[in-house]
Amino acid sequence: MSPLLACSGLTMRFGGLTALDSLDIAVGTGETVGLVGPNGSGKTTFFNVLTGLYRPSEGAVRFEASDLFGRSPQEISRAGVARTFQRSRLMLDQTVFDNIALGALGRVDLGLLPALVFRSRFRRDLSALVEKATALTRRFNPHIAASLFKPAGSFTMIDRRRIEICRALIGGPRLLLLDEPSAGMTHEETRHLMDDLLAFREEMPDLAIVLVEHEMDVIRRISDRCVVLNFGRKIFEGAFDALLADPDVQTAYLGGSQ
Ligand SMILES: Nc1ncnc2c1ncn2[C@@H]1O[C@H](COP(=O)(O)OP(=O)(O)O)[C@@H](O)[C@H]1O
Ligand SMILES: [Mg+2]
């Protein structure tokens, strides 16, 4: 069976710097891949290239039957790829609902003209979106669902992360890219967020996830398979237990000291 996502020879150069060096990465339907590597190894760049923020220098990106190489972020989102960002991208003074609804743009037509011309359809679309946002946030924390029209900035760090994940999920993606979701959270909060993700994954067994994470505990708990990057190159692919024992991975993490 062909994978959901298949990147081959994926290369991204910034001037003289090769941030992604001929990467071959495949992700199957429903699979959770842990993507790790030292700082600057290309993890975020991989997401930026996959989601169309950067046009790759070379390579191929296939997603289901589509060729996503060099496509726009909107096209890629419509194809079913969604992400969260390493640094929070929430509009803190806007409501939770407004933040989450942004994730549906391009999928639901909320443009002004259609809204004026097709008022009843617009109202229907909007209330369907509210229902969906309520159901999604409730899965993570009923308190968020009950406060959908409060500013995102009034929530705790972990709830803000949950809101960001809901924004990524509202369009019904097939592939979810999570860039260091536990960054800035306490150990306890990280554990809760991972519990959420595990529960969520059970409800959506077809959703594929690529998770960038520094906390090895998190990677161990939720990855089916791991990929390690170093200087934009894939230096390891396999099970978590084998990762820890791999000499190349150990050297990458110890830097020049070996
Ligand atoms: N827009 C950019 N312009 C120039 N260099 C970049 C850009 N984005 C990332 N890089 C470089 O690419 C390399 C990989 O960065 P990044 O993907 O952010 O690493 P990671 O997420 O693994 O910490 C780094 O050397 C970084 O400085
Ligand atoms: Mg990064």
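Residues numbered from 1 in each chain as written. Chains lettered and ligands numbered in written order. Predicted model: local features only at pLDDT ≥ 70, side-chain atom pairs only at ≥ 80, totals over all residues. Heavy atoms only, no water.

Caption draft 1: Molecular detail of the coordination of the magnesium ion (ligand 2). All of the protein donors around the magnesium ion (ligand 2) are Thr44 (OG1) and Gln86 (OE1); their distances to the metal are 2.0 to 2.3 Å. One end of the pair, Thr44, is in helix α1 (residues 43-50); the other, Gln86, is in the loop between β6 (81-83) and α3 (96-102), with 42 residues separating them in the sequence. Exposure remark for Thr44: the relative accessible area of 25% places this residue in the partly exposed category. (Donors = N, O, S within 2.8 Å, 3.2 Å for Na, K, Ca; no water. Helix = DSSP H or I, 4+ residues; strand = E, 2+ residues; numbered from the N terminus. Buried < 20%, exposed > 50% of the residue type's maximum accessible area, 1.4 Å probe, protein only.)

Caption draft 2: Broad picture of the site of ligand 1. Ligand 1 sits among Phe14, Leu17, Ala19, Pro38, Asn39, Gly40, Ser41, Gly42, Lys43, Thr44, Thr45 and Tyr54. Between Gly40 and ligand 1, the recorded distance is 2.7 Å, taken from a backbone N or O atom to an oxygen atom. Between ligand 1 and the protein, one listed contact pairs an oxygen atom with a backbone N or O atom of Gly42 at 3.0 Å. When ligand 1 sits alone it has 560 Å² of accessible area, and the protein chains cover 64% of it. Broken down by secondary-structure element, the contributors of at least two residues to the shell around ligand 1 are β2 (17-27) and α1. Here the element with the most residues in the shell around ligand 1 is α1; it accounts for 3 residues. When its residues are assigned to classes, the shell around ligand 1 shows 5 nonpolar, 6 polar and 1 charged. (Near = heavy atom within 4 Å. Polar contact = N/O pair within 3.5 Å; in protein donor to acceptor, adjacent residues only side chain to side chain. Areas by Shrake-Rupley, 256 points an atom, 1.4 Å probe, with all protein chains shown as cover. Nonpolar A, V, L, I, M, F, W, Y, C, P; charged D, E, K, R; others polar.)

Caption draft 3: Representation of the pattern of salt bridges in the model. What the rule picks out here adds up to 15 salt bridges. Note that Arg174 is salt-bridged to Glu64, the shortest N-O span being 2.1 Å. Here Arg174 is found in the loop between α7 (157-169) and β7 (175-179), whereas its partner Glu64 is found in the loop between β4 (58-63) and β5 (66-67), with 110 residues between them in sequence. In this structure Glu64 comes out as partly exposed when scored by relative accessible area, which is 41%. The shortest N-O distance in the salt bridge between Glu203 and Arg139 comes to 2.6 Å. Pair noted here: Glu203 is in helix α8 (residues 187-203) and Arg139 is in helix α5 (residues 119-140), with a separation of 64 residues, a long-range link. In this structure, a network of salt bridges that share partners links the residues Glu31, Arg225, Lys234 and Glu237. (Salt bridge = Lys/Arg side-chain N within 4 Å of Asp/Glu carboxyl O.)

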